[in-house]
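# A closer look at the structure
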Protein chains: 2
Amino acid sequence: MHKKIQIMTQVIAKHNQSPITTFNNLKCKECGAEYELQAIHVCELCFGPLEVTYDYSGLCSQVTRESIASGPNSIWRYRQFLPVASDHPIDVGTGMTPLVFSQRLARRLGLKNLYIKNDAVNMPTLSFKDRVVSVALTRARELGFTTVSCASTGNLANSTAAIAAHAGLDCYVFIPADLEAGKVIGSLIYSPTLMAVEGNYDQVNRLCSEIANTYGWGFVNINLRPYYSEGSKTLGFEVAEQLGWKLPDHIVAPLASGSLFTKIYKGFHEFVKVGLVEDKAVRFSGAQAEGCSPIAQAFKRGMDFIQPVKPKTIAKSIAIGNPADGIYATEIARKTGGNIESVTDQEIIEGMKLLAETEGIFTETAGGTTIAVLKKLVESGKIDSEETTVVYITGNGLKTQEAVQGYIGEALTIEAKLDSFERKLERSRTLGRLEWQQVLV
Amino acid sequence: MHKKIQIMTQVIAKHNQSPITTFNNLKCKECGAEYELQAIHVCELCFGPLEVTYDYSGLCSQVTRESIASGPNSIWRYRQFLPVASDHPIDVGTGMTPLVFSQRLARRLGLKNLYIKNDAVNMPTLSFKDRVVSVALTRARELGFTTVSCASTGNLANSTAAIAAHAGLDCYVFIPADLEAGKVIGSLIYSPTLMAVEGNYDQVNRLCSEIANTYGWGFVNINLRPYYSEGSKTLGFEVAEQLGWKLPDHIVAPLASGSLFTKIYKGFHEFVKVGLVEDKAVRFSGAQAEGCSPIAQAFKRGMDFIQPVKPKTIAKSIAIGNPADGIYATEIARKTGGNIESVTDQEIIEGMKLLAETEGIFTETAGGTTIAVLKKLVESGKIDSEETTVVYITGNGLKTQEAVQGYIGEALTIEAKLDSFERKLERSRTLGRLEWQQVLV
């Protein structure tokens, strides 16, 4: 129907590639125009986003539950569902993070079947971004790039810098200048060129689009975005496999650009399509911070477009005021009977503490947002206590220590003597530990 | 030969236990006296340390390579080699961290068969301590403890607080008052009672020994130490399994108390004993920071005792001036033909940067120590380029950010405009990124 458009690129594949058997081409999500598998992300005809398409009938004959289960203990067990041709993808152990059956958080919230997908311990840099970057840099290498880059709210910068270092690629990362120390040091340590842009993420992103047009670099979330974003499907695949090849009833995930949300959805549907799991209704609910909630606002007002906002929240990693896939996220939430909610910064901190105290998982502000929204949805009757619900924790709290400092009490200082300990213990027991710590703070 | 000594404890098992089939009793490493499986760690006759013994012939009939490989993707796949009776150990996904075949670090050092065992991404709290704590708290629960505790240099505090939160146990953790922010916040977030002791780790440890004698708490590394320390064997088991059921030629590991080192050794020997791997000579080399190197000093001087020191190093997590298992570590290094080396704080920082730049792994100061010692051993001809060498990285760099701040350059601040970017890029290329960043700092 649409003719395939030949794209000129500055980059030519240098690596020998084994035959591409499962992914076909890039296709515009809006007008359906098809493109060759190069480093482009926007339709030349209608400016719609491009997405990778697959040969699902070919896939059916290639993959079984057994073939996947006997694959590597990483996202690359789903290699046939990912847009890379190489037999040697960059595998640093990314993915296959725990799906924790919640006992104590579930009880606290009154849920019976709650699971936590814990990407706070994803490898190597402790966020779900390691998934998308592993795919994007593998593809970048196939397309012949030797310099890679990204526009980032922090986690992506960490991941791109680390995996580029591992793969021996030159790396430039761009972040807003006001990020948390953990995200800055967690990039610099790998020796990329780190550019701190005076502005918010949306300004960083616009600048990087200009740079991507001028320099021959592979920007994982710009010109490589169609490949990159496919990596998030593995958060759908793993949950289905870890639930015993079943889909959940309800998922709750954070919303930044909205891409993760749409790709979990795509992942579930691909598994149904190739017969790995049975089809069923899955409700998709999304979480935003009130200080940057353009998708939640569009959802609540029934709008069919996203009104950009200026972010002002401690949840910096999801503070995207002009989210590229926001409108697709609202569509998915609507058609699956899910919800999109937002929470205040105070609720985000409470969410971080709640998850840590009940499950022993220290997540960053984005995870606090997701837990706070989960709580809000349960309290407002929008999640049923019997539903098999999966909440996605996407990053680690050690990177956003500033957010909780001053809200979690302090250590009780004692001398190295038994009587010093006993006096403090006595007083803390009288007052109750936390109140007393607050007296001290 | 030795009669079994009946020990009175304040704690009585509350949980129903399935039959204990693989572990027998506690045995003094010095005089061989045997004890029942309770919460004790020191021989009443000679004050030697107690160790768990197993029925290895029983074990032989229970485990095969296949039975292990089909077990959970965590340390509990080696359950029969661990001193717990419960069929439901505390499993938060701990263990089975990547064994990375090094390309870029190996090339830099001139090694051909270098592997990195990466516990910087261990679950849930990003250090090898999650292994020992998972075992200790499972055993603590079996022994009826409802309050658990530890004396810690930081990582152990994080791990005990997190896993106690997950298991719903009351928790008190004791740390030196001068620890890094990441280790303090990384404990407080789980809501333990955190006691910051004005003194070094050895003083904290002495205080905790007094408290353990007075209160009915399970101190993971004091009265539960025989169970706790067995968890480190899994760092031996996993390496053997991940190498394809083979032992390496040489291992390099950090030395704090010396316990980890001796337990990797025990793990390898147990696998040989039950026929899971072939016996072979493995050289054991250890790493210390020069500012706290009592084991390295004893090794170099051929002493048969450890002369305690006052620690003064940035490698706080391994700064134990009076290491309990130090002498056993020197014995193992000597009899296997290994070495124990120490490095300066400056070399430690260089080690952290080297690992990050070449492999994309951000380790804490202890890992920097181990990499720096690896480099030193290679350069002095004490590791052969052909040897299959495994270096153990035991913790994450996000917890010791202070150590590298000021040594890794800074972000280059730009306006959100293409020409601002291009001017900075031009200048940084002229000067070379790092030199230029140093001008800025």
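Residues numbered from 1 in each chain as written. Chains lettered and ligands numbered in written order. Predicted model: local features only at pLDDT ≥ 70, side-chain atom pairs only at ≥ 80, totals over all residues. Heavy atoms only, no water.

For clarity, the cut-off: UniProt positions are given in the numbering used here, feature names are shortened, and annotations may be inferred rather than shown by experiment.
In the nomenclature of an unreviewed UniProt entry, chain A is known as Threonine synthase of Richelia intracellularis HH01. Word for word, the UniProt comment on chain A under Function (unreviewed entry) is "Catalyzes the gamma-elimination of phosphate from L-phosphohomoserine and the beta-addition of water to produce L-threonine." In the Catalytic activity (unreviewed entry) part of its UniProt record, chain A is described as follows: "O-phospho-L-homoserine + H2O = L-threonine + phosphate".

## A few points about the overall build of chain A
Spelled out, the test is: To qualify as a helix, a DSSP run of H or I must reach at least 4 residues; to qualify as a strand, a run of E must reach at least 2; elements of each kind are numbered from the N terminus. It is over C-alpha atoms that the radius of gyration is taken, and the globule rule equals 2.2 Å times the number of residues to the power 0.38. Burial classes follow relative accessibility: with a 1.4 Å probe on protein chains only, a residue under 20% of its type's maximum area counts as buried, one over 50% as exposed, and anything between as partly exposed. Two residues qualify as a contact provided that any one of their heavy atoms is within 4.5 Å of a heavy atom in the partner residue. In this description, accessible areas are obtained by the Shrake-Rupley approach with a 1.4 Å probe, and a residue is regarded as covered only by the protein chains that are shown. Here Asp and Glu are counted as negative and Lys and Arg as positive; His is not counted, and neither are the chain ends. Every charge is mapped to an atom, namely NZ of Lys, CZ of Arg, CG of Asp or CD of Glu.
Check the secondary structure of chain A and you find 17 helices and 14 strands. Rg of the C-alpha trace for chain A: 22 Å, near the compact-globule value of 22 Å for 441 residues, within the 12% margin. By principal-axis analysis of the C-alpha atoms, chain A measures approximately 80 × 45 × 45 Å. For chain A, the residues scored as buried account for 65% of the 441 residues in total. Across chain A, every contact between residues at least 6 apart in sequence was considered, and the portion connecting residues at least 24 apart equals 71%. Approximately 15,600 Å² of chain A is accessible, and the part contributed by carbon and sulfur atoms is 48%. Computed over 45 positive and 47 negative side-chain charges, the separation of the two mean positions in chain A equals 1 Å.

## Quick look at the UniProt feature "modified residue: N6-(pyridoxal phosphate)lysine" (unreviewed entry) in chain A
Residues and elements named next belong to chain A. The feature "modified residue: N6-(pyridoxal phosphate)lysine" (unreviewed entry), as given by UniProt, occupies Lys129 in the numbering adopted here. Of note, Lys129 is situated in helix 4 (residues 129–142). Other than its neighbours up to four places away in sequence, Lys129 contacts Asn155, Leu156, Ser159 and Tyr228.

## Quick notes on helix 6 (residues 181–188) of chain B
The buried fraction of helix 6 of chain B is high, at seven of eight residues. Those residues of helix 6 of chain B that are buried are in contact with helix 15 (401–404) of chain A together with helix 5 (155–167), strand 7 (170–176) and strand 8 (193–198) of chain B.

## Here's the deal with the sheet that holds strand 3 (residues 50–54) of chain A
All names here are of chain A. To be explicit about the condition: Here, any two strands with at least 2 DSSP bridges between them count as paired.
The sheet built from three strands is open, its strands ordered 2-1-3 with antiparallel pairing. Lying at the two open borders of the sheet, with one neighbouring strand each, are strand 2 (34–35) and strand 3. Direction of pairing for strand 1 (residues 23–28) relative to strand 2: antiparallel, over a ladder of two bridges. Bridge pairing in strand 2 places Leu26 opposite Tyr35.

## Overview of the pattern of salt bridges
All names here are of chain A. Where we set the bar: Whenever Lys or Arg places a side-chain nitrogen within 4 Å of a carboxyl oxygen from Asp or Glu, that contact is recorded as a salt bridge.
Applying the stated criterion across every chain, the model contains 44 salt bridges over all chains. Between Asp87 and Arg79 there is a salt bridge; the shortest N-O distance is 3.2 Å. A salt bridge links Glu230 to Lys266, with the shortest nitrogen-to-oxygen separation between them at 2.8 Å. Here Glu230 is found in helix 8 (residues 225–230), whereas its partner Lys266 is found in helix 10 (residues 259–273), with 36 residues between them in sequence. Judged by relative accessible area, Glu230 falls into the buried class, the value being 0%. Each of Glu51, Glu230, Lys233, Lys263, Lys266 and Glu270 takes part in one network of salt bridges that share partners.

## Quick notes on the interface of chain B and chain A
Convention followed: By buried area we mean the combined loss of accessible area, with a 1.4 Å probe, across both parts when two parts are placed together. Here a polar contact means two N or O atoms within 3.5 Å. Within protein one must be a hydrogen donor candidate and the other an acceptor candidate, and residues neighboring in sequence count only if both atoms are side-chain atoms. Residues are sorted three ways: Asp, Glu, Lys and Arg are charged, Ala, Val, Leu, Ile, Met, Phe, Trp, Tyr, Cys and Pro are nonpolar, and all the rest, Gly among them, are polar.
Counting residues at the interface gives 71 residues for chain B, matched by 71 residues for chain A. Of the roughly 6,300 Å² buried where chain B meets chain A, counting both sides, 67% is carbon and sulfur surface. Between the two partners, chain B and chain A, sit zero salt bridges. Linking chain B with chain A are 16 residue pairs in polar contact (both at pLDDT 80 or more), by the criterion used here. Counted by class, the side of chain B that touches chain A contains 40 nonpolar, 17 polar and 14 charged residues.

## Looking at the nonpolar core
Defined as follows: Only buried residues count toward a nonpolar core, which is a set of Ala, Val, Leu, Ile, Met, Phe, Trp, Tyr and Cys residues joined through side-chain atoms within 4.5 Å.
Formed by 201 residues in total, the largest nonpolar core has its most connected members in Phe81, Ile251 and Phe271 of chain A together with Phe81, Ile251 and Phe271 of chain B. Apart from the residues lying within four places of it in its own chain, the contact partners of Phe271 of chain A are Ile68, Tyr78, Phe81, Phe237, Ala240, Trp245, Leu276 and Val277 of chain A.

## Regarding the state of the cysteines
How we decide: Put simply, a disulfide is two cysteine sulfurs that come within 2.5 Å.
Going through the model one piece at a time under the given rule, you end up with zero disulfides over all chains. With no disulfide partner, Cys43 of chain A has as its closest neighbouring cysteine sulfur the one in Cys31 of chain A, 3.7 Å distant. Taking the relative accessible area as the measure of exposure, Cys43 of chain A reaches 1% and is therefore buried. Summary of cysteine pairing: Cys46 of chain B is not part of a disulfide, and the nearest cysteine sulfur, belonging to Cys28 of chain B, is at 3.4 Å. With a relative accessible area of 32%, Cys46 of chain B lands in the partly exposed category.

## Description of the environment of Leu26 of chain A
Relative to the helices and strands, Leu26 of chain A is located in strand 1. Separated by 15 residues in sequence, Leu26 of chain A and His41 of chain A place their C-alpha atoms 8.5 Å apart.

## Thoughts on the environment of Glu270 of chain B
All names here are of chain B. Of note, Glu270 is situated in helix 10 (residues 259–273). A relative accessible area of 2% places Glu270 in the buried class. Along the primary structure Glu270 and Val391 are separated by 121 residues, whereas in three dimensions their C-alpha atoms are 20 Å apart. Leave out the neighbours within four places in its chain, and Glu270 touches Tyr54, Tyr56, Phe81, Lys233 and Phe237. A distance of 2.5 Å separates the side chain of Glu270 from the side chain of Tyr56, its partner in a polar contact.

## Let's talk about the relation of the copies chain B and chain A
Basically, it comes down to this: The copies were overlaid with a least-squares fit restricted to C-alpha atoms from residues scoring a pLDDT of at least 70 in each copy.
After a rotation of 180 degrees and a shift along the axis of 0.0 Å, chain B superposes on chain A with an RMSD of 0.0 Å. Such a turn and shift between the copies fits a two-fold axis. When you check the interface residues of chain B against chain A, 100% turn up at the interface there too, and the contact is symmetric in its surfaces.

## Some thoughts on the domain arrangement of chain A
Residues and elements named next belong to chain A. Here is the rule we go by: Annotation comment: domain bounds sourced from an automatic or database domain assignment.
Each assigned domain of chain A is listed with its residue range as follows: domain 1 (1–81), domain 2 (99–123 + 232–404) and domain 3 (128–225). In total, about 1,800 Å² of surface goes out of reach between domain 2 and domain 3, with carbon and sulfur atoms giving 43% of it. Close ionic contact of Asp325 with Arg225 constitutes a salt bridge, the shortest N to O distance being 3.2 Å. For the interface between domain 2 and domain 3, the tally reads 15 residue pairs in polar contact (both at pLDDT 80 or more). Taken together, the residues of the side of domain 2 that touches domain 3 sort by class into eight nonpolar, ten polar and eight charged.

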